[in-house]
Amino acid sequence: MARKYDAVIFGASGFTGVQVCRQAQRLRPFASWAAAGRSAGRLREAVAQLDASAAKPDIIVADVESHDSLVAMAQQARLVVNVTGPFRFLGEGVVRACIEAGTDYVDICGEPEFMERTLLRYQEAAVAAGVIVCHACAFDSIPADLGVIHSALLYRRPRSGTRATPRRSRPPCTAWPPRPPWRACAGRRPQRVWSPGPRIWACSVRPLPSFAPRGMRCLSWARTPAWCEAPGGSWPTC
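What you see is a predicted model; the values in this text were computed from it and never measured.

## Here's the deal with the pattern of salt bridges
Side-chain pairs of opposite charge can arise where the charged atoms are in close proximity.
No. 1: Scanning the model with the defined rule gives 6 salt bridges in all.
No. 2: Among the salt bridges present, the one from Arg-78 reaches Asp-6, with a minimum N-O distance of 3.3 Å. Residue Arg-78 is located in strand β4 (residues 77-82), and its partner Asp-6 is located in strand β1 (residues 5-10); the two are separated by 72 residues in the primary sequence.
No. 3: Taking the shortest distance from any N to any O, the salt bridge between Arg-96 and Glu-100 comes out at 3.7 Å. Of this pair, Arg-96 and Glu-100 both sit in helix α5 (residues 92-101), 4 residues apart, which is roughly one turn of the helix.
No. 4: A cluster of three or more residues bridged by salt bridges with shared partners is formed by Glu-92, Glu-113, Arg-117 and Arg-121.

## Notes on the layout of surface pockets
The method is simple in principle: a probe with the dimensions of a water molecule rolls over the atoms, and the space it marks as empty is what remains.
No. 1: Here the second largest pocket defines a volume of roughly 370 Å³.
No. 2: Among the elements that make up the lining of the second largest pocket, the one with the highest residue count is helix α1 (residues 15-27) (3 residues).
No. 3: For the lining of the second largest pocket, a count of residues per class yields 7 nonpolar, 9 polar and 4 charged.

## Regarding helix α2 (residues 40-48)
No. 1: Those residues of α2 not exposed but buried are Leu-43, Ala-46 and Val-47. The buried residues of α2 occupy an angular sector of 95° when the element is viewed end-on, so they sit on one face. Exposed residues lying more than 90 degrees from the buried face of α2 are Arg-44, Glu-45 and Ala-48.
No. 2: On its buried face, α2 is in contact with α1, β2 (33-37) and β3 (58-61).

## Remarks on unusual backbone geometry
No. 1: With an omega of 0°, the peptide bond running from Gly-85 to Pro-86 counts as cis.
No. 2: Position of Pro-86 among the secondary structure elements: in the loop between β4 and α4 (87-90).
No. 3: Positive phi, normally seen in glycine, also occurs at Arg-28, with a value near 55°.
No. 4: Along the chain, Arg-28 turns up in the loop between α1 and β2.
No. 5: One non-glycine residue, Ala-136, lies in the positive phi region at around 60°.
No. 6: Tracing the chain through its elements places Ala-136 in the loop between β6 (133-134) and α7 (142-153).
No. 7: Looking at Ala-136, the relative accessible area reads 14%, which means it is buried.

## Remarks on the packing of aromatic side chains
No. 1: By the definition in use, this model includes 1 aromatic pair.
No. 2: Ring geometry for Phe-87 and Phe-114: centres 5.8 Å apart, planes at 40°, overall tilted. Of this pair, Phe-87 sits in helix α4 while Phe-114 sits in helix α6 (residues 112-129), and the two are 27 residues apart along the sequence. Considered together, Phe-87 and Phe-114 belong to a single accessibility category, that of buried residues.

## Some thoughts on the packing of α5 against α6
No. 1: Contact geometry for α5 and α6: axes closest at 10 Å, N-to-C directions at 10°. Compared by their axis directions, α5 and α6 come out roughly parallel. Judged by residue contacts, Glu-92, Val-95, Arg-96 and Ile-99 of α5 engage Phe-114, Arg-117, Thr-118, Arg-121, Tyr-122, Ala-125, Ala-126 and Ala-129 from α6.
No. 2: Among the residues making up the contact of α5 with α6, the classes are represented as 7 nonpolar, 1 polar and 4 charged.

## Digging into α6
No. 1: The first and last C-alpha atoms of α6 sit 24 Å apart over 18 residues, in line with the 26 Å expected at 1.5 Å per residue.
No. 2: Where α6 bends most, at Tyr-122, the angle is about 60°.
No. 3: Those residues of α6 that fall on the buried side of the exposure criterion are Phe-114, Arg-117, Thr-118, Tyr-122 and Ala-126.
No. 4: In this structure, the buried side of α6 is in contact with α4, α5, β5 (104-107) and β6.
No. 5: Where α6 ends, the next residue or the one after it, Gly-130, has phi of about 70°, a positive value.

## Quick notes on the environment of Gln-49
No. 1: Among the secondary structure elements, Gln-49 is positioned in the loop between α2 and β3.
No. 2: We classify Gln-49 as partly exposed; its relative accessible area is 46%.
No. 3: Measuring from C-alpha to C-alpha, the distance between Gln-49 and Gln-19 comes to 9.9 Å, with 30 residues separating the pair along the chain.
No. 4: Those residues in contact with Gln-49 that lie beyond four places of it in its chain are Val-18 and Arg-22.

Thresholds applied
Residues numbered from 1 in each chain as written. Predicted model: local features only at pLDDT ≥ 70, side-chain atom pairs only at ≥ 80, totals over all residues. Heavy atoms only, no water. Salt bridge = Lys/Arg side-chain N within 4 Å of Asp/Glu carboxyl O. Helix = DSSP H or I, 4+ residues; strand = E, 2+ residues; numbered from the N terminus. 1 Å grid on protein atoms, 1.4 Å probe; cavity = no way out; pocket = protein on both sides within 12 Å on 5 of 7 lines; lining within 4 Å. Points joined across faces, edges and corners; volume = space filled by probe spheres on them. Nonpolar A, V, L, I, M, F, W, Y, C, P; charged D, E, K, R; others polar. Buried < 20%, exposed > 50% of the residue type's maximum accessible area, 1.4 Å probe, protein only. Arc of directions from axis to C-beta. Contact = heavy atoms within 4.5 Å. Phe/Tyr/Trp six-rings, centres within 6.5 Å; stacked < 30°, edge-to-face > 60°. Axes fitted to C-alpha atoms, helices over the stretch in contact; angles between N-to-C directions. Parallel < 35°, antiparallel > 145°, perpendicular 65-115°, else oblique. Expected span 1.5 Å × (residues − 1). Bend = angle between axes of the 7 residues up to and from the residue.

That is the geometry; function is a separate question.
Quick look at the structure:
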């Protein structure tokens, strides 16, 4: 089915939404796009803040309290960029509407509870509909992802049955667990970490912050797009 827009930015009248619209106007990633939200008046005010010399987006009125309006919005675009939060209260209906409309979904969420909930509730429906649901595409999450990739690239990819060897002057990972201060969480199963990009491997280099959830204090092996196991079929103990 042909779609009127390449993308719709939902929540465009808020502070973050205006910034996203400005970047969409400046970078021009979409041939056609629209600004969406619950108030036509506030949307017009937001659009008025954009560069007057460039093409302005169309306006779509949609409200999280009206599922039909969300579906109607999603049906007009190939992609919905959701910048409306808090996502644990306002995001689930948008995900469901996009799956029903067969529209890909991206958001700026940094709320683990919401992301885990949508994965549990909508994974099978999204796969069946061929819809991509991609969370955490903003400042809350991307710097951490870049840090994971950077740490992983400091280490050579291990051969089968061997530990990773640091590229720089790091303690070798042949002895496990590593000596302090490299020990991250002695005796615990390491966190299996998803990162974008090619298949990568990494050894634990330091503890994660103390506020990290239990079981997420150790970064040992990473691979995308699926969870993987260490060579030999088992996870090392850090």
